[in-house]
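# An overview of the molecular structure
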Amino acid sequence: MPGRSGNDASGRRKGPSGRSYRSKAGLTLQPKKMRGRKPSSQRWLTRQLNDPFVAETQARGLRSRAAIKLEQMDDKHHFLTPHMRVVDLGCAPGGWLQVVMKRCRIESGKGVLVGVDLLVVDPVPGAKLLVGDITETGILQQVHTAIEGKADAVLSDMAAATTGHRQTDHLRTMGLLEIALDFADQVLAPGGIFLAKAFRGGGDRQFQELLNQRFDKVRYIKPPASRSESVETYVLGTGFRGAPTDKQRDAGTKPQTGYSPI
Ligand SMILES: C[S@@+](CC[C@H](N)C(=O)[O-])C[C@H]1O[C@@H](n2cnc3c(N)ncnc32)[C@H](O)[C@@H]1O
């Protein structure tokens, strides 16, 4: 049965209307109903329609395109291992939860997966989901209870709601990143890993120092599914040693090296 979209006789993709389009920018598909939409919304729709990772997300039943980014990062750096205890900060709608469930074999009953978000997330069998703001102290206690001790990994894909003002958005996301690191200080076990969304740009050097104090190895990763025009990047810290004490901070020394599972 012919579908509403697919390829035309020349192999070019068709839109949902059955017609294929080629834009000046060289993009193959243009959404059908563009009139009355803001230019920014037109650009977003066109990009979505032509993005192979959006198509893959839908075809594989993943809850977010971000799930593919996590898979790509783990394919390269192998930080997700079976039976880990994982905290996923900013987990809605649940794409990263799906990936962690599978790769850490949480359903076997040995690992633990705790997700936190401001938004309610549809249940993910086997995951413990908390609704709350990670900037509020109460949520830390709830995570401690849910994770049953310490975590092997703290993941954060948190992003602040965008204002459209680039510098403000940058500062807000960097603020969330520091809060995520503070969270990791409280819950990570020695040797644990920290993976978090960051932005390339100002303020990174100071943050780098905070990471260097805590982790054996720190890398910045830009997975292929993260759009090249986006300033988004991810920071991966492995071999958690703990946060430096005031004395160590004053002396400029680092906590003792822990073991690294990677
Ligand atoms: C890009 S989405 C995460 C996508 C997710 N990794 C996935 O694969 O489905 C960012 C999330 O961060 C959450 N967030 C932002 N600030 C937060 C905060 N202070 N506390 C908890 N969640 C927060 C937002 O509600 C949003 O759902």
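These numbers come from a predicted model, not from an experiment.

Okay, the site of the ligand next. Taken together, the neighbourhood of the ligand is formed by 19 residues, with Ser64, Gly95, Asp117, Asp133 and Asp157 sitting nearest. Separating an oxygen atom of the ligand from a side-chain N or O atom of Asp117 is a distance of 2.6 Å. Within the backbone of Ile134, one N or O atom sits 3.1 Å away from a nitrogen atom of the ligand. Across the complex, the protein chains shield 86% of the 600 Å² of accessible surface that the ligand would expose by itself. In this structure the site holding the ligand corresponds to the largest pocket. The residue inventory of the shell around the ligand, partitioned by class, reads eleven nonpolar, five polar and three charged.

Glancing now at the layout of surface pockets. The method is simple in principle: a probe with the dimensions of a water molecule rolls over the atoms, and the space it marks as empty is what remains. In this structure, the largest pocket occupies an estimated 1500 Å³ of space. Taken together, 45 residues line the largest pocket, and the ones lying closest to its centre are Ala159, Ala160, Thr162, Lys197 and Glu232. When residues of the lining of the largest pocket are traced back to their parent elements, those giving at least two are α1 (39-50), α2 (52-59), α3 (66-77), α4 (95-103), β4 (112-117), α6 (166-187) and β7 (188-199). Here the residues of the lining of the largest pocket are counted per class, giving 19 nonpolar, 13 polar and 13 charged. Residues lining the lining of the largest pocket come from more than one domain, with at least three contributed by each of domain 1 (20-50) and domain 2 (66-251).

Time to look at helix α5 (residues 137-147). Restricting attention to buried positions, one finds in α5 the residues Ile139, Val143, Ala146 and Ile147. Mapping the buried residues of α5 onto a view down its axis gives an arc of 85°, with all of them on the same face. Residues of α5 that are exposed and angled more than 90 degrees away from the buried face: Thr137, Gln141 and Thr145. The inward-facing, buried residues of α5 abut β3 (85-89), β4, β5 (128-131), β6 (151-156) and α6.

The predicted coordinates of low-pLDDT regions are not to be read in fine detail. When pLDDT is averaged along the protein chain, the result is 84; 83% of the residues meet or exceed 70. This stretch, residues 258-262, has a pLDDT under 50; its non-local contacts, to residues over four places away or in other chains, come to 16 contacts.

So, about the packing of aromatic side chains. For the coordinates displayed, the defined rule picks out three aromatic pairs. Consider the rings of Trp96 and Tyr234, whose centres lie 5.8 Å apart with planes at 40°: the pair is tilted. On the criterion of sequence distance, the pair formed by Trp96 in helix α4 and Tyr234 in strand β9 (residues 232-240) is long-range, its members being 138 residues apart. Taking relative accessible area as the criterion, Tyr234 reaches 0% and is therefore assigned buried. With a centroid separation of 5.3 Å and 50° between ring planes, the pair formed by Phe215 and Phe240 is classed as tilted. Remark: Phe240 occurs in strand β9 and Phe215 occurs in strand β8 (residues 215-221); sequence separation between them is 25 residues. In this structure, Phe215 and Phe240 share a single accessibility class: buried. Connected via pairs of aromatic rings, a cluster forms that spans Phe194, Phe215 and Phe240.

Let us now look at the sheet that holds β4. The seven strands are arranged β5-β4-β3-β6-β7-β9-β8 in an open sheet whose pairing can be described as mixed. Every other strand in the sheet has two partners, leaving β5 and β8 as the edge strands with one partner each. Ignoring strand direction, the axes of neighbouring strands in this sheet form an average angle of 15°. Here β6 pairs with β7 via five bridges, running parallel. Counterpart to Ser156 in the pairing with β7 is Ala196. Sheet strands touched by α5: β3, β4, β5 and β6. Its angle to β4, the strand with the most contacts, is close to 160°. Contacts from helix α7 (residues 204-214) reach β7, β8 and β9, with the element oriented near 140° to β8.

This part takes up the pairing of β7. Of all twelve residues in β7, eleven are buried; the element is thus mostly enclosed. Chirality of the crossover, the property in question, places the unit of β6, α6 and β7 among those that are right-handed. Looking at chain direction, β7 and β9 are connected through six bridges and run antiparallel. Opposite Ala196, over in β9, you have Val235 as the bridge partner.

Looking now at the packing of α6 against α7. Two quantities define a packed helix pair, namely the angle between the axes and the distance from one axis to the other. Direction vectors running N to C along α6 and α7 enclose 10°, while the axes themselves pass 12 Å from each other. Classed by the angle they form, the pair α6 and α7 counts as roughly parallel. Residue-level inspection shows His170, Met174, Leu177, Glu178, Leu181 and Asp185 of α6 in contact with α7, the latter providing Asp204, Phe207, Leu210, Leu211 and Arg214. Taken together, the residues of the contact of α6 with α7 break down into six nonpolar, one polar and four charged.

Cut-offs used in this document
- Residues numbered from 1 in each chain as written.
- Predicted model: local features only at pLDDT ≥ 70, side-chain atom pairs only at ≥ 80, totals over all residues.
- Heavy atoms only, no water.
- Near = heavy atom within 4 Å.
- Polar contact = N/O pair within 3.5 Å; in protein donor to acceptor, adjacent residues only side chain to side chain.
- Areas by Shrake-Rupley, 256 points an atom, 1.4 Å probe, with all protein chains shown as cover.
- 1 Å grid on protein atoms, 1.4 Å probe; cavity = no way out; pocket = protein on both sides within 12 Å on 5 of 7 lines; lining within 4 Å.
- Sits in = over half its atoms within 2 Å of the grid points.
- Nonpolar A, V, L, I, M, F, W, Y, C, P; charged D, E, K, R; others polar.
- Points joined across faces, edges and corners; volume = space filled by probe spheres on them.
- Helix = DSSP H or I, 4+ residues; strand = E, 2+ residues; numbered from the N terminus.
- Domains from an automatic or database assignment.
- Buried < 20%, exposed > 50% of the residue type's maximum accessible area, 1.4 Å probe, protein only.
- Arc of directions from axis to C-beta.
- Contact = heavy atoms within 4.5 Å.
- pLDDT = per-residue confidence, 0-100.
- Phe/Tyr/Trp six-rings, centres within 6.5 Å; stacked < 30°, edge-to-face > 60°.
- Pairing = 2+ DSSP bridges.
- Axes fitted to C-alpha atoms, helices over the stretch in contact; angles between N-to-C directions.
- Right-handed = clockwise from strand over helix to strand, strands pointing away.
- Parallel < 35°, antiparallel > 145°, perpendicular 65-115°, else oblique.

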